[in-house]
There are 2 protein chains.
Amino acid sequence: MITHLPLCSVPSPKTVLVVEGGDELATGFENSRVCFHVGDAVEFLRNVPEGTYDAIIVDSSDLVGPAQELVEKPFFDTLARALRPGSVLCNMEESMWLHTHLIDDMISICREIFKGSIHCAWASVPTYPSAVIGFLICSTEGPAVDFLNPINPIEKLEGAHQHKRELRYYNSEMHKATFSLPSFLKRELILLVDAYDTIEKEPVRIVDRRIVKRGSTSVTEVLVEWIDSFPEYATWEHLHLLQANFPHFHH
Amino acid sequence: MITHLPLCSVPSPKTVLVVEGGDELATGFENSRVCFHVGDAVEFLRNVPEGTYDAIIVDSSDLVGPAQELVEKPFFDTLARALRPGSVLCNMEESMWLHTHLIDDMISICREIFKGSIHCAWASVPTYPSAVIGFLICSTEGPAVDFLNPINPIEKLEGAHQHKRELRYYNSEMHKATFSLPSFLKRELILLVDAYDTIEKEPVRIVDRRIVKRGSTSVTEVLVEWIDSFPEYATWEHLHLLQANFPHFHH
């Protein structure tokens with residue numbers, strides 16, 4: 001999930017950095033496209049040229065103690081620097097049931113640094129504390145990333161359904177669902193709500209239309225779904241204003 | 001969740017039966033609209049007139065042992081008999097991680113009895129075994145119930161945001177997300193997949209259109225979202241066939 005959320009959300013990700021604690025090192029040894037760097041991630045990233053990566057995945061150890069540095073602002077600055085415009089960071093974020101303050105802090109830092117969009121997500125993992133794991137996913141300034149409607153749906157990827165490559169948890173339905181947050185979390189993550197407001201809106205599609213009478217004239221309104229947003233947040237807009245504001249939007 | 005999934009899915013539910021183990025009896029004592037029956041649910045339901053309820057919620061105890069009867073066909077027959085056409089049953093369904101065989105059995109039984117639609121859903125509950133709880137939700141034959149797009153979104157319900165009535169987990173986003181299933185579960189629930197196929201399709205809205213050339217003529221095709229289905233399963237249909245098959249559908 002921590003891999004598919006970002007990699008299905010950017011077009012053609014080629015240069016990807018995974019920062020992790022070492023417990024899953026064995027997985028990629030057989031793959032010639034994988035290059036290992038054993039060392040301090042903070043140090044490594046300092047020497048990476050600006051705009052190197054299409055995606056960075058940070059699957060760190062517990063975020064209290066030795067790995068504390070990985071949730072502080074300087075590290076996120078380094079991550080953002082290493083990412084190209086319109087690319088993504090997916091960061092392990094502990095449990096929504098247990099660590100809302102930590103989540104709040106991380107969002108607060110990322111909001112300052114990442115000028116694209118910011119989302120929280122979660123998945124069920126029975127062996128983790130409180131049996132969930134969270135993800136904080138951000139995009140850098142540049143071409144908008146629509147996290148909720150992944151540009152690379154896994155079902156359309158050649159070979160994804162081959163024997164032994166079949167995924168057990170992830171699919172495009174789960175991708176979208178994973179961004180739905182319980183109400184208690186939404187209320188706590190006030191910073192996140194603010195973050196939504198600052199995102200530049202972009203229409204995705206028109207799902208309904210109506211004629212509204214205003215005295216002797218009538219106006220066409222359209223129900224618009226927006227990029228990186230749930231269908232529930234579709235809004236009624238005047239068609240002529242929509243066309244004026246988004247001249248390149250064809251529906 | 002076990003309450004909101006069904007009650008937000010049927011228009012104006014008035015007569016609702018909750019079958020449960022007794023551990024939450026205290027909750028409703030203060031409410032004059034609630035009537036308690038302490039006794040055997042199987043016996044009680046036998047004496048209920050046909051078509052009495054708009055919704056039945058079965059929050060039973062562990063489904064192995066004394067409560068075994070509550071997952072067998074005769075009990076589901078009794079439940080279906082007590083429900084009116086186009087109403088819903090929401091049944092506790094244990095854990096998707098631990099009890100897929102039990103879930104499979106329940107679906108198999110409900111598929112024979114409930115001629116509306118059948119869905120599995122799940123929610124995160126840290127204190128339960130494997131920290132999730134499942135729901136099996138079915139509708140009886142009659143007016144179609146669109147479980148994925150609830151007819152009574154909680155956000156539009158007057159008083160739902162009042163102090164002390166604010167919900168902690170449930171919201172319309174979570175309602176929809178809760179029906180997204182991990183791939184391993186989808187593969188196991190072959191019976192559920194079959195069940196989807198037998199459901200009468202009904203168009204909800206058109207989200208895109210295109211002109212397809214066929215030799216010297218051209219045909220208009222529209223991308224149609226269907227009732228009780230995810231947007232991902234929208235299909236391209238010939239506009240004139242859609243209009244012929246669904247003359248009352250206005251888009």
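Small disclaimer: the values here were computed from a predicted structure and weren't measured.

Caption draft 1: Structural context of helix 4 (residues 100-113) of chain A. Across its 14 residues, helix 4 of chain A extends 20 Å between first and last C-alpha, which sits within 8% of the 20 Å expected from 1.5 Å per residue. Residues of helix 4 of chain A that are buried include every one of Thr100(A), Leu102(A), Ile103(A), Asp104(A), Met106(A), Ile107(A), Ile109(A), Cys110(A) and Ile113(A), and no others.

Caption draft 2: Expanded view of the domain arrangement of chain A. Residue and element names in this part refer to chain A. The domain architecture assigned to chain A consists of domain 1 (4-198) and domain 2 (203-245). Taken together, the contact pairs 12 residues of domain 1 with seven residues of domain 2. Summed over both sides, the interface of domain 1 with domain 2 buries roughly 660 Å², with 53% coming from carbon and sulfur. If you sort the residues of domain 1 by the area they bury against domain 2, Asp146, Leu148 and Lys176 come out on top, with a joint share of 50%. Where domain 1 meets domain 2, there are zero salt bridges.

Caption draft 3: How the structure looks around the sheet that holds strand 3 (residues 83-92) of chain A. Residue and element names in this part refer to chain A. A sheet is described by the order of its strands in space; here five strands give the open sequence 1-2-3-5-4, paired in mixed fashion. On the outer flanks of this sheet lie strand 1 (16-20) and strand 4 (118-124), each paired with one strand and no other. Sheet twist, expressed as the average angle between the axes of neighbouring strands with direction ignored, equals 15°. Across five bridges, strand 2 (residues 53-59) lies against strand 3 in parallel orientation. Across the sheet, the residue bridging to Tyr53 is Leu83, located in strand 3. The sheet strands contacting helix 3 (residues 73-82) are strand 1, strand 2 and strand 3, and the helix crosses strand 3 at an angle near 140°.

Caption draft 4: Layout of the packing of aromatic side chains. Here the structure, examined in full by the defined rule, presents 11 aromatic pairs over all chains. Among the aromatic residues, those joined into a ring-pair cluster are Trp97(A), Phe184(A) and Tyr169(B). One Lys or Arg, Arg210(B), reaches over the ring of Trp236(B) and ends 3.9 Å from the middle of that ring.

Caption draft 5: Expanded view of the packing of helix 3 of chain A against helix 4 of chain A. Residues and elements named next belong to chain A. For the pair helix 3 and helix 4, the least separation of the axes is 10 Å and the interaxial angle reads 40°. In terms of their interaxial angle, helix 3 and helix 4 are classed as oblique. Seen from above, helix 3 lies across helix 4 with right-handed handedness. Only Met106, Ile109, Cys110, Glu112 and Ile113 of helix 4 make contact with helix 3, whose side of the interface consists of Lys73, Phe76, Asp77 and Ala80. Taken together, the residues of the contact of helix 3 with helix 4 sort by class into six nonpolar, no polar and three charged.

Caption draft 6: Structural context of the pattern of salt bridges. Applying the stated rule across the entire model yields 14 salt bridges over all chains. Put simply, Glu173(A) and Lys186(B) hold a salt bridge, and the shortest N to O gap is 2.8 Å. Here Lys186(B) lies in helix 6 (residues 183-188) and Glu173(A) lies in helix 5 (residues 172-177), a pairing that spans two chains. Via salt bridges that share partners, Arg205(A), Glu225(A), Arg205(B) and Glu225(B) belong to a single interconnected network.

Caption draft 7: Summary view of the side chain of Ser9(A). Residue and element names in this part refer to chain A. Mapping Ser9 onto the fold places it in the loop between helix 1 (4-7) and strand 1. From its side chain, Ser9 meets the backbone oxygen of Leu5 in a polar contact 2.6 Å long. Every residue in contact with Ser9, bar those within four places of it in the chain, is listed here: Val145, Phe147, Ile151 and His175.

Caption draft 8: Fine view of the pairing of strand 4 of chain A. Residue and element names in this part refer to chain A. Extensive coverage of strand 4 is indicated by the burial of seven of its seven residues. Across the two faces of strand 4 the burial is the same, with Ile118, Cys120, Trp122 and Ser124 and His119, Ala121 and Ala123 all buried. Bridge count between strand 4 and strand 5 (residues 132-139): seven bridges; the pairing is antiparallel. Bridging across to strand 5, Ile118 finds its partner in Cys138.

Cut-offs used in this document
- Residues numbered from 1 in each chain as written.
- Chains lettered and ligands numbered in written order.
- Predicted model: local features only at pLDDT ≥ 70, side-chain atom pairs only at ≥ 80, totals over all residues.
- Heavy atoms only, no water.
- Helix = DSSP H or I, 4+ residues; strand = E, 2+ residues; numbered from the N terminus.
- Expected span 1.5 Å × (residues − 1).
- Buried < 20%, exposed > 50% of the residue type's maximum accessible area, 1.4 Å probe, protein only.
- Domains from an automatic or database assignment.
- Contact = heavy atoms within 4.5 Å.
- Buried area = accessible area lost by both parts, 1.4 Å probe.
- Salt bridge = Lys/Arg side-chain N within 4 Å of Asp/Glu carboxyl O.
- Pairing = 2+ DSSP bridges.
- Axes fitted to C-alpha atoms, helices over the stretch in contact; angles between N-to-C directions.
- Phe/Tyr/Trp six-rings, centres within 6.5 Å; stacked < 30°, edge-to-face > 60°.
- Lys NZ or Arg CZ within 6 Å of the ring centre and 35° of its normal.
- Parallel < 35°, antiparallel > 145°, perpendicular 65-115°, else oblique.
- Left-handed = near helix turned anticlockwise from the far one by under 90°.
- Nonpolar A, V, L, I, M, F, W, Y, C, P; charged D, E, K, R; others polar.
- Polar contact = N/O pair within 3.5 Å; in protein donor to acceptor, adjacent residues only side chain to side chain.

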